[in-house]
Amino acid sequence: MDNAVEIRGLCKSFGSFGLEDVSLDIPKGYVVGLIGENGAGKTTLIKCMTGACSIDSGEVSFPSGGRPEVGDIGIVFDECHFFPNMSGAQIGGVMSGMFPKWDQASYERLMSGFGIPLDKKLREYSRGMKMKIQVAVALSHDPKLVILDEATAGMDPAARDEFLDIVMGYMADEEHTVLMSSHITTDLERVADYIAFIHEGRVLMYGTKDDIMENYGIAKGRETDVLSIGRENIVSIRRDGYSVSALVKDRKGVGEAYPELVVDPASLDDIMVMIIRGDVA
Amino acid sequence: MMSLVKKDLALVKGGIIWLGLFAAVFCFLFIDRSNYVMCIVAPVLFSSLASTSFAWDDQCQWNVFAVSSGIDRKEIVRSKYVSSALVIPIGAVIGAVIAVAVTFGDGLDLASIAVNTLTGIVLSVVIFSIGICVNYVTGNSIRAQYLSIIILMVSVIALVSGTVFANSLLGGGMAVILAFLVAVMAVVVLVTYRISCDRFLKRDL
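Residues numbered from 1 in each chain as written. Chains lettered and ligands numbered in written order. Predicted model: local features only at pLDDT ≥ 70, side-chain atom pairs only at ≥ 80, totals over all residues.

Q: Looking at this structure, how should I read the overall build of chain B?
A: Counting its regular elements, chain B contains nine helices and zero strands. Each helix and strand of chain B, ordered N terminal to C terminal, gives the series α-α-α-α-α-α-α-α-α. In terms of overall dimensions, chain B is globule-like: its C-alpha atoms have a radius of gyration of 18 Å, near the 17 Å expected for 205 residues. Here the C-alpha coordinates of chain B stretch approximately 60 × 40 × 30 Å along the principal axes. Taking all 205 residues of chain B together, the buried fraction comes to 41%. Long-range pairs, those at least 24 residues apart, make up 81% of the contacts in chain B between residues at least 6 apart in sequence. (Helix = DSSP H or I, 4+ residues; strand = E, 2+ residues; numbered from the N terminus. Rg over C-alpha atoms; globule rule 2.2 N^0.38 Å. Buried ≥ 20, exposed ≤ 12 C-beta atoms within 10 Å, placed from the backbone. Contact = placed C-beta atoms within 7 Å.)

The following block contains the structure:
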């Protein structure tokens, strides 16, 4: 499979926190969801990928061999990095000079579709509008890879739904790839093909969304029964009062081998909570 | 790079207008008219606009977006030098126009105005180059503004002393002084550019 990005053994330290031995492939033509709690390292990983942060060791590879060309990556951050005293038209003017494949007509069409007048200054935009102008910019220079870093955070459900429709529209062409970091797991359940879970600077889990949703489960029961599953099958354990829950990698296998346990399917949310709030095995 | 330059000029557009008015009034009212110092002061005032664009970039964390989008960091540094250099002629023209206006019909000395204007431009380039470098070394536009004031005062004193020394060493004449200043300017621009690139390339955004 062609990969849009390949990450091997990436390490980056910021004193007490850091990314440790992160290896990840972003397959071309797919949506990869990056989930993790606040401070897990999602944004740091993205910045290391794009060159905004240096890496201590490891490698980030793109198909071109070197750094990506200007415009190959479209990026949307949770905070808008455009200037508040500029209008949408002025920002489009700046971008047209920055990106070789800038499509002004596409930008104006997207802004019109979002209902954002081009003469309005950014300081008058709502949070949702600021995200939308970032999306309009990101999609208007024909990037091969679009990175969405917590782009839906703070959006209302209708705005998130519209945003995800745009992402799916962009993905209709199989030449495009999306890396979407979020802790709104329902968004990723809707659009992602692959899921990478990052926790305390490490990638704990990476696979197709369907495999993860199909295979991961939560086994509940008495502590002795749950622990009898064996550490090799358990991802994390959480103790709540009198009962114990364990996140397991092979839901069906554990269910068949240990019929005394209740093994439920795990949503991405469940997986995230179990890993963050449980004891990782 | 030109889009980055246009971006910086758009950000400081308001500052250009207000600084232009301030420079015009200040030079007209307060500067000694006998020695055309306004031709030096006006462009030097405009050299402070470099720090304004840095303040905007810091506030919006623009560099995170620019570098993540693939813009070369050296290109960003170069654009700062170019955009800062482009506003200096505005100050130079204001200073020269005021000099002509106040001395017209009363011993107008175009040669002195030209020499002082050139001196002002050279000094401005030195000042904004040091200012840009301080911004990249400190990584903080607010801290850089305070440090810049101290460094620039020291630089100007050093430059004036060096000019006097060079003048005494090489013999009199504005041509010699200007040549010395241009040489110093070239060295300052090159050294500060190298340091700025070196620091910015290593910075985690």
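On we go from here.
Q: Help me understand the interface of chain A and chain B in this model?
A: The figure often quoted for interface size is the accessible area lost as the parts come together. Contacts between the two partners involve 21 residues from chain A and, on the opposite side, 20 residues from chain B. When contributions to the side of chain A that touches chain B are tallied by element, the ones reaching two or more residues are helix H1 (42–50), strand E5 (73–76) and helix H2 (88–98) of chain A. Split by residue class, the side of chain A that touches chain B holds 11 nonpolar, seven polar and three charged. (Nonpolar A, V, L, I, M, F, W, Y, C, P; charged D, E, K, R; others polar.)

Q: Please explain helix H3 (residues 104–114) of chain A as it appears in this structure.
A: For an α-helix, the turn length of 3.6 residues means that residues three or four places apart are oriented alike. Residue and element names in this part refer to chain A. Residues Tyr107, Leu110 and Met111 constitute the buried set of H3. Buried residues of H3, viewed axially, fall in a sector of 95 degrees; they line one side. When the buried face of H3 is taken as reference, the exposed residues oriented beyond 90 degrees from it are Ala105, Ser112 and Gly113. Looking at the buried residues of H3, the elements they touch are H2 and helix H4 (127–139). (Arc of directions from axis to C-beta.)

Q: Sorry if this is basic, but what is going on with the confidence of the model for chain B here?
A: Keep in mind that low pLDDT regions are not for reading the predicted coordinates in detail. Residue and element names in this part refer to chain B. Residues with a pLDDT of 70 or more make up 94% of chain B, whose mean pLDDT is 84. Mean pLDDT in chain B bottoms out at helix H8 (residues 141–170), which sits at 74, and peaks at helix H5 (residues 62–68), which reaches 94. ipTM for the predicted complex: 0.86, alongside a pTM of 0.86. (pLDDT = per-residue confidence, 0-100.)

Q: In this structure, what is going on with the nonpolar core? I would like to understand it.
A: One broad rule of soluble globular proteins: the nonpolar side chains tend to lie buried together. With 142 residues, the main nonpolar core has Leu247(A) and Val248(A) as its most contacted residues. Ranked by residues supplied to this core, first place goes to helix H7 (residues 110–138) of chain B with 13 residues. Counting contributing residues per domain, this core is built from domain 1 (3–211) and domain 2 (216–280) of chain A, each supplying no fewer than three. If we ignore the near neighbours within four places in the chain, the residues touching Val248(A) are Tyr216(A), Gly217(A), Ala219(A), Ile229(A), Asn233(A), Ile234(A), Val235(A), Val254(A) and Val263(A). (Core = buried A, V, L, I, M, F, W, Y, C linked by C-beta atoms within 7 Å. Domains from an automatic or database assignment.)

Q: Would you take a moment to explain the pairing of E5(A) for this structure?
A: Consecutive side chains along a regular strand alternate between the two faces of the sheet. Residues and elements named next belong to chain A. A two-sided burial pattern is seen for E5, the buried positions comprising Ile73 and Ile75 on one face and Gly74 and Val76 on the other. Here E5 pairs with strand E6 (residues 145–149) via four bridges, running parallel. Note that in E6 the partner of Gly74 across the bridge is Val146. (Pairing = 2+ DSSP bridges.)

Q: What exactly am I supposed to notice about the domain arrangement of chain A here?
A: All names here are of chain A. We note that the domain assignment places domain 1 (3–211) and domain 2 (216–280) within chain A. A separation of 33 Å is found between the C-alpha centroids of domain 1 and domain 2. Of the residues lining the interface, nine residues belong to domain 1; the matching set on domain 2 comes to seven residues. Contributing elements (two or more residues each) for the side of domain 1 that touches domain 2: helix H6 (185–191) and strand E8 (194–199). Split into classes, the residues belonging to the side of domain 1 that touches domain 2 amount to five nonpolar, two polar and two charged.

Q: Honestly, the sheet that holds strand E13 (residues 262–265) of chain A in this entry has me stumped. Any pointers?
A: Working definition: the strands of a sheet are paired by backbone hydrogen bonds and lie parallel or antiparallel to each other. All names here are of chain A. Read from one edge of the open sheet, five strands run E13-E10-E12-E11-E14, paired in antiparallel fashion. Both outer strands of the open sheet, E13 and strand E14 (279–280), are each paired with one neighbouring strand and no more. Across the sheet, helix H10 (residues 268–277) touches strand E10 (217–221), strand E11 (234–240), strand E12 (243–248) and E14, and the angle it forms with E11 is around 75 degrees. (Axes fitted to C-alpha atoms, helices over the stretch in contact; angles between N-to-C directions.)

Q: What is the right way to read helix H4 (residues 49–60) of chain B from this model?
A: Residue and element names in this part refer to chain B. End to end, H4 covers 17 Å across 12 residues, agreeing with the expected 16 Å (1.5 Å per residue, within 8%). Within the span of H4, buried status applies to Leu49, Ala50, Ser51, Thr52, Ser53, Phe54, Trp56 and Asp57. Gln61 sits one or two residues past H4 and shows a positive phi near 50 degrees. (Expected span 1.5 Å × (residues − 1).)

Q: Even after reading the chapter, I still don't get the sheet that holds strand E4 (residues 57–61) of chain A, so can you show me in this structure?
A: Residues and elements named next belong to chain A. Strand order in this open sheet of three strands is E2-E1-E4, and the pairing throughout is antiparallel. The open sheet terminates on both sides in strands that have one partner only, identified here as strand E2 (17–27) and E4. Neighbour-to-neighbour, the strand axes of this sheet turn through a mean angle of 15 degrees, independent of strand direction. Two strands pair when backbone bridges link them, and strand E1 (residues 3–14) and E4 are joined in this way by four bridges, in the antiparallel orientation.

Q: Sorry, what's going on with the packing of helix H3 (residues 38–46) of chain B against H7(B) here?
A: Helix-helix packing is characterised by the crossing angle of the two axes and by the distance between the axes. Residue and element names in this part refer to chain B. Where H3 meets H7, the closest approach of the two axes is 7 Å, and the angle between their N-to-C directions is 25 degrees. Considered as vectors, H3 and H7 are oriented roughly parallel to each other. The element H3 and its partner H7 pack so that their crossing is right-handed. The residues of H7 that touch H3, namely those facing Cys39, Ile40, Ala42, Pro43, Val44 and Phe46, are Ile113, Asn116, Thr117, Thr119, Gly120, Ile121, Leu123, Ser124 and Ile127. When grouped by side-chain class, the residues that make up the contact of H3 with H7 number 10 nonpolar, five polar and no charged. (Parallel < 35°, antiparallel > 145°, perpendicular 65-115°, else oblique. Left-handed = near helix turned anticlockwise from the far one by under 90°.)

Q: What is the right way to read the pairing of E2(A) from this model?
A: Residue and element names in this part refer to chain A. Bridging between E1 and E2 involves eight bridges; their strand directions are antiparallel. Counted as the bridge partner of Ser13 is Gly18 from E2. Connecting the antiparallel pair E1 and E2 is a turn made up of two residues, with Gly15 showing a positive phi of about 70 degrees.

Q: How do you make sense of the packing of H3(B) against helix H6 (residues 73–103) of chain B when you look at a structure like this?
A: All names here are of chain B. The interhelical angle for the contact between H3 and H6, taken along N-to-C directions, is 155 degrees, at an axis separation of 7 Å. The angle between the axes of H3 and H6 places the two elements in the roughly antiparallel class. You can see that H3 and H6 cross each other, and the crossing is right-handed. Along its contact with H3, which presents Met38, Cys39, Val41, Ala42, Pro43, Leu45 and Phe46, the element H6 presents Val87, Ile88, Ile90, Gly91, Ala92, Ile94, Gly95, Ala96, Ile98 and Ala99. Counted by class, the contact of H3 with H6 contains 15 nonpolar, two polar and no charged residues.

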